[in-house]
Amino acid sequence: MNNSILAFIQKASVKGEKLLAILLDPDKTSLDKLPEISSRIDTLNANFIFVGGSFVENQLTDLFVKTLKKNTKLPVILFPGDFSQLTNYADGLLFLSLLSGRNPEYLIEQQIKSVPFLKNSNLEIIPTGYILIDGGTNSSVFKMSNTKPISQENIQLAVDTAVAGMYKGKQLIYLEAGSGAKVPVNSKLISAVKQHISIPLIVGGGIKTKEQLENAYANGADLVIIGTAFENNASFKF
Ligand code: 1GP
């Protein structure tokens with residue numbers, strides 16, 4: 001198993017180069033639009049395409065990523081809401097543990113269920129501490145996992161959760177305000193977490209404008225994920 005995706009993110013983080021990924025949800029994106037969508041992603045200079053969603057039907061991710069790979073040169077990274085969304089057509093997998101929650105299903109159970117597939121796969125597996133922050137909406141992660149997000153004001157808890165994740169051996173920390181969040185993760189929280197970890201930081205959820213993107217970068221995000229803003233606006237540009 002190689003570690004080229006993680007190594008790329010680590011190097012960029014050390015050099016202070018900022019990365020962008022566009023998130024596609026197979027449930028909301030039709031296959032015949034993938035050629036057009038892939039060229040739109042190229043114009044944004046994105047580094048990765050993330051694929052995942054909360055309610056994707058079985059086998060759809062497989063077909064979706066297979067079709068996507070025919071249309072893009074970018075690495076495709078799985079960001080699954082469920083272990084059934086694994087496919088060998090992708091390049092890597094964020095192996096997520098929902099550290100902000102206390103639901104064993106998303107701390108270890110889903111991970112165990114994925115092993116029979118992963119044992120025989122070539123996916124680059126990237127251990128990721130996933131931390132849900134209150135973005136002002138009942139996000140899909142909140143509904144699916146039945147866990148409470150960390151308040152935007154509770155910076156200490158967010159920092160301690162991220163540091164615990166790092167001590168547990170996670171290679172990335174992902175601060176998630178939830179897809180379609182009203183409020184993205186705030187600057188103070190991003191910067192406090194960044195100051196206390198020595199692994200790359202991903203930030204996503206509710207980022208719609210260039211200002212919000214730059215703000216996340218300026219406060220320490222190494223990689224920003226944009227889903228809804230791209231999905232809702234065919235002429236989306238920064
Ligand atoms: C969701 O962080 C991602 O998991 C992206 O969120 O859809 O709000 O951009 P948006």
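Predicted, not measured: the structure shown is a model, and the values here were computed from it.

The phi torsion at N45 lies on the positive side, around 55°, for a residue other than glycine. For N45, the location among the structural elements is in the loop between α2 (34-43) and β2 (48-51). Classification of N45 by relative accessible area gives exposed; the value is 63%. Located in the positive-phi region is Q59, a residue other than glycine, with phi close to 75°. Its location among the elements puts Q59 in the loop between β2 and α3 (60-71). On the basis of relative accessibility, which here comes to 61%, the residue Q59 falls in the exposed class.

Here we take up the layout of surface pockets. Approximately 790 Å³ is the volume found for the largest pocket. Forming the boundary of the largest pocket are 43 residues, of which F79, P80, G81, Y130 and V141 lie nearest the centre. If you list the elements that add at least two residues to the lining of the largest pocket, you get β4 (92-98), α4 (104-118), α5 (140-145), β6 (172-176), β8 (223-226) and α9 (228-232). With five residues, β4 is the single largest residue contributor to the lining of the largest pocket. Counted as a void, the second largest pocket has a volume near 180 Å³. Residue lining of the second largest pocket: 14 residues in total, with T29, K33, I37, R40 and E231 positioned closest to the centre.

The geometry of an aromatic ring pair comes down to the distance between the two centres and the angle between the two planes. For the coordinates displayed, the defined rule picks out five aromatic pairs. Centre to centre, the rings of F8 and F48 are 5.8 Å apart; their planes meet at 85°, and the pair counts as edge-to-face. Remark: F48 occurs in strand β2 and F8 occurs in helix α1 (residues 4-15); sequence separation between them is 40 residues. Exposure remark for F48: the relative accessible area of 2% places this residue in the buried category. For the pair Y130 and Y174, a centre-to-centre distance of 5.0 Å together with 85° between the ring planes defines the contact as edge-to-face. In this pair, Y130 is assigned in strand β5 (residues 124-132) and Y174 in strand β6, connecting sequence segments 44 residues apart. Put simply, the rings of F50, F79, Y130 and Y174 touch in pairs and so form one group of aromatic residues.

Parameters at a glance
- Residues numbered from 1 in each chain as written.
- Predicted model: local features only at pLDDT ≥ 70, side-chain atom pairs only at ≥ 80, totals over all residues.
- Heavy atoms only, no water.
- Helix = DSSP H or I, 4+ residues; strand = E, 2+ residues; numbered from the N terminus.
- Buried < 20%, exposed > 50% of the residue type's maximum accessible area, 1.4 Å probe, protein only.
- 1 Å grid on protein atoms, 1.4 Å probe; cavity = no way out; pocket = protein on both sides within 12 Å on 5 of 7 lines; lining within 4 Å.
- Points joined across faces, edges and corners; volume = space filled by probe spheres on them.
- Phe/Tyr/Trp six-rings, centres within 6.5 Å; stacked < 30°, edge-to-face > 60°.

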